[in-house]
Amino acid sequence: MPDTVLVLNSGSSSLKYSVVQLDSGATVADGIVERIGDDPKVPDHRAALDVVHEALAGDGHRLDELGLVGVGHRVVHGGPDLYRPTVIDDDTIERLKRLSPLAPLHNPPALLGIEVARAALPDLPHVAVFDTAFFHDLPPEAATYAIDNEVAEEWHIRRYGFHGTSHQYVSEQAAAYLDVPLASLRQIVLHLGNGASASAIVGGRPVGTSMGLTPMEGLVMGTRSGDIDAGIVMYLWREAGMSVEDIETMLNRRSGVRGLGGEIDFRELHRRIDAGDADARLAYDVYIHRLRKYIGAYLAVLGGADVITFTAGVGENDALVRRDALSGLTAFGIEIDEHLNESPSRAARRISAAGAATTVLVVPTDEELAIARACADVLGGVGGDG
Ligand code: ADP
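Just so it is clear, the structure is predicted and the values come from calculations on it, not from any experiment.

Here is what the cut-offs are and how they apply
- Residues numbered from 1 in each chain as written.
- Predicted model: local features only at pLDDT ≥ 70, side-chain atom pairs only at ≥ 80, totals over all residues.
- Heavy atoms only, no water.
- Helix = DSSP H or I, 4+ residues; strand = E, 2+ residues; numbered from the N terminus.
- Rg over C-alpha atoms; globule rule 2.2 N^0.38 Å.
- Contact = heavy atoms within 4.5 Å.
- Axes fitted to C-alpha atoms, helices over the stretch in contact; angles between N-to-C directions.
- Parallel < 35°, antiparallel > 145°, perpendicular 65-115°, else oblique.
- Left-handed = near helix turned anticlockwise from the far one by under 90°.
- Nonpolar A, V, L, I, M, F, W, Y, C, P; charged D, E, K, R; others polar.
- Buried < 20%, exposed > 50% of the residue type's maximum accessible area, 1.4 Å probe, protein only.
- Core = buried A, V, L, I, M, F, W, Y, C linked by side-chain atoms within 4.5 Å.
- Pairing = 2+ DSSP bridges.
- Near = heavy atom within 4 Å.
- Polar contact = N/O pair within 3.5 Å; in protein donor to acceptor, adjacent residues only side chain to side chain.
- Areas by Shrake-Rupley, 256 points an atom, 1.4 Å probe, with all protein chains shown as cover.

Visitor: Please provide a residue-by-residue account of the overall build of the protein, values included.
Guide: Looking only at helices and strands, one finds 15 helices and 12 strands in the protein. Relative to a compact globule of 386 residues, whose C-alpha radius of gyration would be 21 Å, the protein shows 21 Å and is just as compact. Reported as C-alpha extents along the three principal axes, the dimensions of the protein are approximately 55 × 55 × 45 Å. Restricting to contacts in the protein with at least 6 residues of sequence separation, those with at least 24 account for 65%.

Have a look at this one:
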């Protein structure tokens, strides 16, 4: 059996798993355990991992026969110091625990996932792969918030950026698809899933990202607000009597496209717009407006883009979002070919008009493969014939 990595992405109520073959990049098995804590059959993450075992067994896979060389864990926030893929030991766990206040919604469930997986698979190395890694070397002018620098330093406040695994993978895939050196390209990557972020990349290095200290900043998302005036938080706290937790929950879970249009899934949002729903229309318009603002900002940061790439659930599938994000930009060398844009495909593809100065691509992201490869790299490469 060729070498594989088990990739785990542990959220507060879900555990996504994927067994990835390193040589071919093929997915041997994958799935998601949902409603952890809600479903009496899956009371906690320990039980969720048992469900993963059972699901693999049900598909005819035994963990000890899968050729596993390690377990790769997606960790959202690595704070100021943890960013390279890191083999997890007790010290790493302690450091991750200390980081939890920086990512109160994301890191605690990831830690739970790591702890139960280490207990269940003690003979395999476990590796943390951070969503913040790719953006660690953002230039200072892009990473720094213009706030009191002593406060920022004491509290490690900077732009960390997230979805880094995806932005890096997709920007590399774009260069490979175009068969040009990564070093030669100025790129804008638009990762539009339930979470959404934009990045500007020069020669494979990030020079801008829309997400910040937390994954809340930037684009309008499925349930998150993206950019807001920080004054809104103080105002609600002071005048509306909302607690910090209430405000955090509202901004993370009841805002964005759902907060405005009552819907998180773009297919349903389009249906409602077609039926004349004004809230859905406004949600979509605000989403597109913000997206265009970031595209414009990054065109200026880059001095023009060679490639603009759409990825993740909305970016890969929603031709209307792609069309509306880039309409009317021919003066900037950006023009989509309607026919190419509307042809559905699961493969990487060009959708820009022939002769347009900026190439527009759709590239499927594969964070699991990227995590598996990062994990294998830190473990010293793919070992022998396994
Ligand atoms: P996550 O951020 O949870 O990984 P994904 O990248 O899988 O999310 O994106 C999920 C979102 O993609 C869905 O909520 C939905 O809005 C959108 N989506 C998926 N398929 C389609 C489609 N065919 N058309 C439009 N939007 C889609």
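Visitor: Please set out the packing of helix α7 (residues 230–239) against helix α8 (residues 244–253) residue by residue, giving values where relevant.
Guide: The geometry of α7 relative to α8 is characterised by a closest axis approach of 10 Å and an angle of 135 degrees between their N-to-C directions. With respect to α8, the axis of α7 lies oblique. Remark: the crossing between α7 and α8 carries right-handed chirality. Counting all contacts with α7, which are made through V233, L236 and W237, the residues of α8 involved are V244, I247, M250 and L251. Taken together, the residues of the contact of α7 with α8 break down into 7 nonpolar, no polar and no charged.

Visitor: Explain the environment of R323 to me, using residue names and the numbers behind them.
Guide: Along the chain, R323 falls in helix α13 (residues 319–326). Since its relative accessible area comes to 37%, R323 is described here as partly exposed. Considering only alpha carbons, one finds R323 and L213, 110 residues apart in sequence, at a separation of 30 Å. Not counting residues within four places of it along the chain, the set of residues in contact with R323 comprises I336 and N341.

Visitor: Which residues make up the nonpolar core, and what are the values?
Guide: Nonpolar side chains tend toward joint burial in soluble globular proteins. Formed by 52 residues in total, the largest nonpolar core has its most connected members in L190, L192, Y287, L291, I308, V321 and L326. Per-element tally for this core: the top contributor is helix α11 (residues 278–302), with 11 residues. Beyond its immediate stretch of four places on either side in the chain, V321 contacts L192, F266, Y284, Y287, I288, L291 and V314. In this structure, V189, I201, L369 and A376 belong to the second largest nonpolar core, which totals 28 residues.

Visitor: Could you give an account of the pairing of strand β4 (residues 68–75), with specific residues and numbers?
Guide: Of all 8 residues in β4, 7 are buried; the element is thus mostly enclosed. Two strands pair when backbone bridges link them, and strand β1 (residues 4–10) and β4 are joined in this way by 5 bridges, in the parallel orientation. Across the sheet, T4 pairs through a bridge with L68, a residue of β4. The sheet contact formed by β4 and strand β6 (residues 126–130) spans 5 bridges and is parallel. Across the sheet, residue V75 finds its bridge partner in β6, namely F130.

Visitor: Describe in detail the site of the ligand, supporting the description with residues and values.
Guide: Close to the ligand lie 13 residues; N194, F266, R267, G313 and N317 are nearest. In the environment of the ligand, an oxygen atom lies 2.9 Å from a nitrogen or oxygen atom belonging to the backbone of F266. Contact between the ligand and N317: a nitrogen atom at 3.5 Å from a side-chain N or O atom of the residue. Bound to the protein, the ligand loses 70% of the 590 Å² it would expose on its own. Counted by class, the shell around the ligand contains 4 nonpolar, 5 polar and 4 charged residues.

Remember, this is a structural readout, not a statement about activity or role.
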